[in-house]
Amino acid sequence: MRMLFYKKIGSSLLVLMLIYFTSSCSSDDNNMTNSVNPPTGTVTNIMPLGASRVAGARPLYESYRYELWKLLIDGNYNFDFIGTETDPADYPMHNGQSFDKNHEGRGGISSGGILAELEIWLNDLTQVPDIVLFSSPGGNDGFTDLEQTVANVNAIIDIFQARNPNVTIFLELPAPALSSEQTPEFLAFYNMALQRIPQIAAAKTTATSSVLTVDMSTNFTDAYLADDVHYSEAGARFISSRYLDVLAPILQ
């Protein structure tokens, strides 16, 4: 999961972080005033969606999914991580349970790539997402055409809402890249994206489907990174705690 907002200058590895959504403690309060419909089934299907921050690459860097899964297990929530991808890494059991490794994260994918493949992925699943954690919609798009990225993200949301008119979608206000990688080019694009994400969420929210933001940016530091953009274990815990803040009211 490279992110659309991150591009490592002078490296063969394109690491970008685009529009990630969802709201955390500070900005979530505004979004949570929207009507959030709890899933109608007994099990809440949660799809982690994005690029390498979702997929992870243990032991090089972590996904937030394992830490979030543990928090949800501790909270006795009835949920299921869904997706066509399965994490190949090994994870310790928690409270006598094995980690649910399903997700929809692919390292290096762009918002256009997600849009092109999403219908196929959903057709391959037997479950329909009740909640989508949209972590990296344009993570690898680059500092090029923000409007095209926004259009792609809007179209991705449309697909989910067509499949489930009651779906809740969280869009991250993405955690930044390593301080040393924050070039003027990066900061200009990143700051524009932070402004546009809440606008997308407000515009795409319907009477039955809430699109919310989660603030992964505020108080995120270099100590939470394993490299220039991917999470360390501490970073994965930080991100998962922000997700728990917004998920708990719905899952209860």
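Here the residue index of a chain counts from 1 through its sequence in written order. Whole-chain, interface and lining totals are the exception, using all residues; otherwise, since this is a predicted model, local features are given only for residues with pLDDT of at least 70 and side-chain atom pairs are given and counted only at 80 or more. Derived side-chain values reflect all non-hydrogen atoms in the structure, with water molecules and hydrogen atoms excluded from consideration.

Student: How would you sum up the overall build of the protein chain? Please name residues and give values.
Tutor: Every helix listed is a DSSP run of H or I at least four residues long, and every strand listed is a run of E at least two residues long, numbered separately from the N terminus. Counting its regular elements, the protein chain contains 7 helices and 7 strands. The secondary structure elements of the protein chain, listed N-terminal to C-terminal, are α-β-α-α-β-β-β-α-β-α-β-α-β-α. Exposed residues in this analysis have more than 50% of their type's maximum accessible area, buried residues have under 20%, and partly exposed residues fall in between, with area computed by a 1.4 Å probe over protein chains only. When each of the 252 residues of the protein chain is scored for burial, the buried share is 56%. By the convention used here, residues are in contact when the closest approach between their heavy atoms is within 4.5 Å. When contacts within the protein chain are restricted to residue pairs at least 6 apart in sequence, those whose partners lie at least 24 apart make up 77%. Note that accessible areas follow from Shrake-Rupley with a 1.4 Å probe, and for residues the cover is restricted to the protein chains shown. For the protein chain, the exposed surface amounts to about 9800 Å²; the carbon and sulfur share of it is 50%.

Student: Please give an account of the side chain of Asn45 that cites residues and values.
Tutor: Tracing the sequence through the fold places Asn45 in strand 1 (residues 44-50). Ignoring anything within four residues of it in the chain, the contact list for Asn45 reads Asp80, Ile82, Gln127, Val128, Pro129, Asp130 and Ile131.

Student: Describe the environment of Ile120, listing the residues and the values that go with them.
Tutor: Turning to its location among the elements, Ile120 is positioned in helix 4 (residues 111-123). When the C-alpha atoms of Ile120 and Thr84 are compared, they prove to be 9.8 Å apart, with 36 residues separating the residues in sequence.

Student: I'd like a description of unusual backbone geometry, backed by residues and values.
Tutor: Along the chain, Arg58 connects to Pro59 via a cis peptide bond; the corresponding omega equals 15°. Phi at Asn76 is positive, roughly 60°, even though this residue is not glycine. Within the secondary structure, Asn76 sits in the loop between helix 3 (65-74) and strand 2 (79-81). Residue Asn76 is classed as exposed on the basis of its relative accessible area, which comes to 72%. The backbone phi angle of Asn95 is positive, close to 50°, even though this residue is not glycine. Overall, the relative accessible area of 54% leaves Asn95 in the exposed class.

Student: Could you give an account of the pairing of strand 6 (residues 168-173), with specific residues and numbers?
Tutor: Along strand 6, 6 of the 6 residues are buried, which leaves the element largely enclosed by surrounding structure. Neither face of strand 6 is exposed, since Thr168, Phe170 and Glu172 on one face and Ile169, Leu171 and Leu173 on the opposite face are all buried. Two strands make a pair as long as DSSP finds a minimum of two bridges between them. Relative to strand 6, strand 5 (residues 131-134) is paired through 4 bridges, and the arrangement is parallel. When the sheet's bridge partners are listed, Phe134 is paired in strand 6 with Leu171. The pairing of strand 6 with strand 7 (residues 211-215) spans 5 bridges and is parallel. Across the sheet, the residue bridging to Leu171 is Thr213, located in strand 7.

Student: Report on the pattern of salt bridges, specifying residues and quantitative values.
Tutor: Salt bridge criterion: a side-chain nitrogen from Lys or Arg within 4 Å of a carboxyl oxygen from Asp or Glu. Per the counting criterion, the structure on display carries 9 salt bridges. Ionic pairing is found between Arg65 and Asp87, a salt bridge with its closest N-O pair at 2.5 Å. Highlighted residues: Arg65 in helix 3 and Asp87 in the loop between strand 3 (85-86) and strand 4 (102-105), separated in sequence by 22 residues. On the accessibility criterion, Arg65 (0% relative accessible area) is buried. On the basis of relative accessible area, Asp87 is assigned to the buried category, the value being 5%. Measuring nitrogen to oxygen at the nearest pair gives 3.2 Å for the salt bridge that ties Glu85 to Arg106. On the criterion of sequence distance, the pair formed by Glu85 in strand 3 and Arg106 in the loop between strand 4 and helix 4 is long-range, its members being 21 residues apart. A relative accessible area of 28% means that Glu85 is categorised as partly exposed. When its relative accessible area of 19% is taken as the criterion, Arg106 is described as buried.

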